[in-house]
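Results of the structural survey
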Amino acid sequence: MLYLAEVQKQKGGLLGGGGKTELKLLACQRTDQSWGTVSEEVIAAEEASKLSDGILVLVEMNPNRQVQRIQEAGRPLVNILQNFSRQVEKFKVKEEEIDQWKQSLTFQAQELNRREMDMETRLEQLQQKEDEVQRLETQQQQVEVSRQEIEKLRMEIERNRQELEGAWGHLRGEQRRLEEYKAECQQQAVLDEEQSRVLNELLARLSTSVAPTQTVREHLDLALEMVERQQAVLNPHWQQLEQQKTAVDQQQVEVNRLSQELSERQKEWQQAQNSLEQQIAELKVNTVTLERKQEYARILKDQLRHHQELHQKLRSFSATVDVTPTCKVDVAALENMPLEQLQNIVRELQQKLSIDSSFVHEQEQELTEKQKNIEELQQKINQGSELERGYLEAELVDEKDLYQMLNETLVGQRRSLLEQQDIFKQHQTVLQQREGKSLVNEQEETNIDLKAILLQIEMQQQQQSQELQNLEHEISQMHTSIEQMQGVIAEQTQQQQTQRDSLQTMEQNLFVLQTTTAESRGRLNLYQEALQPIQYSVDEVRQKLQGMTESLARVQETGDYQLQAIAQMRQTLLSLMSQPQLTAS
């Protein structure tokens with residue numbers, strides 16, 4: 001199992017040797033690659049004796065709690081933190097995508113509900129129209145039955161008219177015979193009883209042969225009444241049709257008005273969109289200019305940072321050259337100490353110095369690697385896109401913090417290493433003197449004028465700082481101007497999007513209104529096509545009934561004239577029978 005631990009060293013004797021090295025366990029890695037805290041347990045680990053006190057390490061132990069491998073935790077911790085940061089960013093992106101999907105699904109559900117309600121409304125309207133058409137078909141069937149009855153009446157009236165014309169022809173023949181007989185009687189001036197009886201029978205037969213028209217008139221009145229009832233049923237439908245035509249005409253006027261308004265608003269939106277695109281183009285130019293100035297500022301910052309690093313290294317080197325020993329060694333005690341013990345002490349100091357030098361050297365290499373990583377990240381930031389730049393800049397800040405922390409740690413380690421070197425040299429000098437060896441002066445004179453170089457670097461830093469300050473002031477002004485432009489453009493973009501959504505809604509409403517108007521007009525045409533044949537049938541039946549009424553009136557007039565003629569003939573016969581000549585005969 002993998003643990004995160006802190007190296008703890010306990011001080012030993014006078015010379016720092018014989019100290020006990022322990023590891024304080026801080027956290028452990030679980031099976032799912034996550035980390036959790038553990039109770040602060042301390043275990044002995046001589047394998048970590050070469051490491052400095054307080055450094056963080058990764059310890060791999062077997063189930064028996066025995067140390068198998070120790071690794072410095074600097075680079076793995078950085079990787080873990082970087083992975084965690086990336087996972088957090090990915091989680092945020094996924095959350096945004098999920099929110100967008102939720103909004104999209106909510107909008108789609110609302111649109112589906114609205115369309116479902118529209119479909120239900122249209123189905124109800126269609127069902128109502130189907131019911132109306134069914135009622136009209138029923139009325140049409142009733143009209144057809146009425147027309148068949150009227151046709152029967154017309155045939156009956158025609159048959160009665162023919163019978164009446166036959167009776168009228170018979171009456172005219174009898175009238176002619178009566179006239180002829182009357183002329184003969186005037187010539188003979190006498191009528192016997194038998195002739196009078198025959199004439200009376202003929203007149204009675206003519207009176208009874210006049211066709212009755214009352215029954216036919218009653219049937220005609222009933223048929224006309226049925227036609228008027230059918231017309232009364234049709235009139236509300238015609239009124240409803242006219243009202244719906246008026247409503248559809250008003251809808252068409254509204255459609256024309258909305259179309260004109262939509263066209264004007266689309267033109268205004270296009271003009272505003274063109275102006276917005278010009279502002280966006282201007283913003284892009286200013287942004288490119290700002291990026292160039294920022295790039296130049298980054299170059300100045302890099303140069304200034306390199307000068308600072310050079311200044312710091314020169315100062316560190318100067319401090320190293322001019323360092324004075326701070327550790328006092330009891331030389332008298334070393335001279336009186338047994339030679340073999342002194343040799344062992346020098347040997348131990350040399351081993352410890354070698355281990356610490358190797359550790360400091362590794363730390364220096366890690367610091368160099370971090371410097372390379374910082375330069376690579378800076379190069380990626382300069383060449384990357386806006387989206388990648390945000391992640392890279394955050395990673396660059398973390399790398400710089402780790403670099404600064406490691407650099408500060410190395411300052412104390414370097415000082416401690418110089419003290420160890422001084423102690424080792426003093427012990428080695430005493431040992432060489434006691435062994436009778438010639439002393440080698442390893443300290444070389446340094447004649448380099450570091451102060452002049454440091455002063456020149458500081459002057460260059462001041463010049464570059466002033467230039468960078470002026471450039472950052474210009475960048476700040478441009479950044480403020482660009483932010484203002486971005487705010488204006490964002491506001492105008494939002495307004496354009498709002499207007500675009502409004503135009504789309506208006507366009508959809510116009511399309512729905514146009515569709516509704518077209519459907520209503522189609523239903524009206526269908527309604528009129530269904531009503532018009534029924535109205536034609538009713539009008540045709542009415543015209544036929546009116547013609548039959550006129551024919552019946554003429555038949556009635558002819559019958560009255562026939563009865564009048566019979567009455568005159570009967571009166572003439574009575575006058576003849578009352579004459580004396582007829583009586584005598």
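Every chain's residues receive numbers from 1 upward, in the order its sequence appears when written. Where local features are concerned, this predicted model is filtered to residues with pLDDT of at least 70; where side-chain atom pairs are given and counted, the filter is 80 or more; whole-chain, interface and lining totals use all residues. Side-chain metrics in this entry use all non-hydrogen atoms of the structure; hydrogen atoms and water are not considered.

**So, the overall build of the protein chain**
Put simply, the rule reads: A run of DSSP states H or I qualifies as a helix once it reaches four residues; a run of E qualifies as a strand once it reaches two. Both are numbered from the N-terminal end. With a 1.4 Å probe rolled over the protein chains alone, any residue whose accessible area is under 20% of its type maximum counts as buried; one over 50% counts as exposed, and the rest are partly exposed. A contact between two residues is defined here by any heavy atoms of the two lying within 4.5 Å. For accessible areas, the Shrake-Rupley method is used with a probe of radius 1.4 Å. Any residue's cover is judged against the shown protein chains and nothing else.
The secondary structure content of the protein chain amounts to eight helices and six strands. N-terminal to C-terminal, the α/β element order of the protein chain is β-β-β-β-β-β-α-α-α-α-α-α-α-α. Across the 585 residues in the protein chain, those meeting the buried criterion constitute 29%. Restricting the contact set of the protein chain to residue pairs at least 6 apart, pairs at least 24 apart contribute 77%. With an accessible surface of roughly 39,000 Å², the protein chain has 50% of that area assigned to carbon and sulfur atoms.

**A word on the side chain of His237**
Within the secondary structure, His237 sits in helix H3 (residues 214–321). Given the relative accessible area of 9%, His237 is considered buried. In contact with His237, other than residues within four places in its own chain, are Leu136, Gln139, Tyr527 and Leu531.

**Quick notes on the environment of His219**
Tracing the backbone through its elements, the reader meets His219 in helix H3. Taking relative accessible area as the criterion, His219 reaches 33% and is therefore assigned partly exposed. C-alpha of His219 to C-alpha of Glu149: the two residues are 70 residues apart in sequence and 9.5 Å apart in space.

**Looking at the pattern of salt bridges**
Just so we agree on the cut-off: Salt bridges, as used here, are contacts in which a Lys or Arg side-chain nitrogen is within 4 Å of a carboxyl oxygen on Asp or Glu.
Per the counting criterion, the structure on display carries 13 salt bridges. The residue Arg114 makes a salt bridge to Glu111 at a minimum N-O spacing of 2.4 Å. One end of the pair is Arg114 and the other is Glu111, both in helix H1 (residues 74–188) and three residues apart, which spans about a single turn. Of the charged contacts, one joins Arg229 and Glu225 as a salt bridge, the two residues approaching to 3.4 Å between their closest N and O atoms. With Arg229 and Glu225 both in helix H3 and four residues apart, the pair spans about one turn of that helix. Its relative accessible area of 44% is what places Arg229 among the partly exposed residues. Because the salt bridges share partners, they merge into one network encompassing Glu111, Arg114, Arg115 and Asp118.

**Quick word on the nonpolar core**
Stated precisely, the cut-off is as follows: To qualify as a nonpolar core, a set must consist of buried Ala, Val, Leu, Ile, Met, Phe, Trp, Tyr and Cys residues joined through side-chain atoms within 4.5 Å.
Ranked by size, the top nonpolar core spans 22 residues in total, and within it Leu334, Met337, Leu342, Val346, Leu367, Leu396 and Phe424 carry the most contacts. Secondary structure elements with two or more residues in this core: helix H5 (339–383) and helix H6 (386–435). When residues of this core are assigned to their parent elements, the largest contribution, ten residues, is made by H5. Excluding residues within four positions of it along the chain, Val346 makes contact with Phe424, His427, Gln428 and Leu431. Judged by nonpolar contacts, the second largest core, of 17 residues, contains Leu136, Val248, Leu524 and Ile534.

**What about the pairing of strand S1 (residues 2–9)?**
What counts here: When DSSP finds two or more bridges between two strands, those strands count as paired.
The pairing of S1 with strand S5 (residues 56–61) spans five bridges and is antiparallel. Each bridged residue has a counterpart across the sheet, and for Tyr3 the counterpart in S5 is Val59.

**Observations regarding the confidence of the model for the protein chain**
What counts, and what does not: One confidence number per residue, pLDDT, is output by the predictor and ranges from 0 to 100.
With 81% of its residues at a pLDDT of at least 70, the protein chain reaches an overall mean of 77. Model confidence for the protein chain, summarised as mean pLDDT per element, is weakest for helix H8 (residues 580–584) at 44 and strongest for S5 at 85. Throughout residues 13–17 the model reports pLDDT below 50, and contacts reaching past four residues in sequence, or to other chains, amount to three contacts. Scored below 50 in pLDDT, residues 440–448 makes four contacts in the model with residues more than four places away or belonging to other chains.

**Quick notes on the side chain of Lys24**
Residue position: Lys24 is located in strand S2 (residues 21–29). Given a relative accessible area of 19%, Lys24 falls into the buried group. If sequence neighbours within four positions are ignored, Lys24 has contacts with Leu4, Ala5, Glu6, Gln8, Glu40, Glu41 and Val42.

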